[in-house]
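# Breakdown of the fold
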Amino acid sequence: ALPICAIVDKQTLTASSTVFDGRVGFRWKAAELGRHILQVRAVPVAREYSLDNNEAQTEVEVMEDKIRVLLADDLPRWEFRYLSMLFKRDKHVEFEQLLFEPNDDSQAAAAELSFPQDAQGWRRYRVVILGDVTPAELSPAQQELLRKYVAEDGGNLVVIAGETAMPAAFAGQPLGAMI
């Protein structure tokens with residue numbers, strides 16, 4: 001099926017010489033999030049030498065105002081602490097963190113923490129950042145959902161290697177195939 005085409009703007013330029021190069025600016029507000037293809041077409045003029053340059057297109061990704069991020073690690077390693085502080089200062093990032101072995105008692109107990117259990121849970125995030133988590137914390141079923149989130153739903157996954165588990169402990173599992 002062909003994409004739906006709609007004219008979002010129309011402008012007239014006057015060519016001031018036989019060789020003319022001009023700039024055109026357009027303002028367009030997307031009605032929905034996702035990928036959109038935008039095209040610009042120029043109507044041919046009399047005795048035009050070539051029509052090859054009368055059309056151009058580009059693809060744009062329309063995203064939400066705030067990027068939702070899931071930041072997860074087994075221990076509060078340097079990378080986890082750095083990213084957590086960075087995201088706290090960025091007004092365009094909304095993030096949740098999973099820390100399975102926190103260093104202080106004020107954090108939630110590791111037994112209460114879990115990665116999303118269904119596809120909708122993973123889709124809540126624009127980016128998932130995995131630190132040195134273990135297969136015990138990220139089950140094969142959750143890994144398969146994460147794989148689908150990345151491969152089929154266009155999710156973004158960042159993996160930060162560690163000394164305990166990541167990435168070697170995931171060899172032969174769904175996450176291992178992605179990394």
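Residue numbers restart at each chain and count upward from 1, following the sequence in its written direction. At least 70 in pLDDT is required for a residue's local features to be given in this predicted model, at least 80 for side-chain atom pairs to be given and counted, and no such filter applies to totals for whole chains, interfaces and linings, which use all residues. Hydrogens are left out, water is left out, and the side-chain values use all remaining heavy atoms of the structure.

This part takes up the side chain of glutamate 137. Within the secondary structure, glutamate 137 sits in the loop between strand E5 (127–130) and helix H3 (140–151). In protein, a polar contact requires one atom able to donate a hydrogen and another able to accept it; more generally it is a pair of N or O atoms within 3.5 Å, and residues adjacent in sequence count only if both atoms are side-chain atoms. Within the structure, the side chain of glutamate 137 is placed 2.9 Å from the backbone nitrogen of threonine 134, a separation counted as a polar contact. Segments assigned H or I by DSSP are reported as helices when at least four residues long, segments assigned E as strands when at least two residues long, and all are numbered from the N terminus.

Read from one edge of the open sheet, four strands run E4-E3-E5-E6, paired in parallel fashion. The outermost strands of the open sheet, each flanked by one partner alone, are strand E4 (93–99) and strand E6 (156–159). Between one strand and the next, the sheet's axes are offset by a mean angle of 15 degrees, whatever the strand orientation. Two strands qualify as a pair provided that DSSP identifies no fewer than 2 bridges between them. With four bridges connecting them, strand E3 (residues 67–73) and E5 associate as parallel partners. Residue pairing in the sheet places alanine 72 in a bridge with leucine 130 of E5. Angles shown run from 0 to 180 degrees and are taken between the N-to-C directions of axes, each axis being a line fitted to C-alpha atoms and, for helices, limited to the stretch in contact.

Moving on: the pairing of E5. Of the two faces of E5, the one holding Val127 and Ile129 and the one holding Val128 and Leu130 are both buried throughout. Note that E5 and E6 share four bridges and pair parallel. If you follow isoleucine 129 over to E6, its bridge partner there is valine 158. For a crossover, the right-handed case is the one in which the path from the first strand over the helix to the second runs clockwise, viewed with the strands pointing away from the viewer. The parallel pair E5 and E6, bridged by H3, forms a crossover whose chirality is right-handed. Burial status follows relative accessibility: with a 1.4 Å probe on protein chains alone, a residue under 20% of its type maximum counts as buried, one over 50% as exposed, and anything between as partly exposed.

On to the packing of aromatic side chains. Side-chain rings of Phe, Tyr and Trp (the six-membered ring for Trp) are treated as a pair once their centres are within 6.5 Å; stacked means planes under 30 degrees apart, edge-to-face means over 60, and tilted covers the remaining angles. Within this structure, the stated rule accounts for five aromatic pairs. These aromatic residues form a ring-pair network of at least three members: Phe100, Phe115, Trp122 and Tyr149.

Okay, the pattern of salt bridges next. Only one rule defines a salt bridge in this text: a Lys or Arg side-chain nitrogen within 4 Å of an Asp or Glu carboxyl oxygen. Within the structure shown, the criterion is met by eleven salt bridges. A salt bridge links glutamate 96 to arginine 68, with the nearest nitrogen and oxygen atoms 2.8 Å apart. Taken together, the residues span a long stretch of sequence, with glutamate 96 in strand E4 and arginine 68 in strand E3 at a distance of 28 residues. Measuring nitrogen to oxygen at the nearest pair gives 2.9 Å for the salt bridge that ties aspartate 73 to arginine 77. Side by side, aspartate 73 and arginine 77 carry an identical accessibility label, which is buried. Salt bridges linked by common partners bring Arg35, Glu59, Glu61 and Arg126 together as one network.

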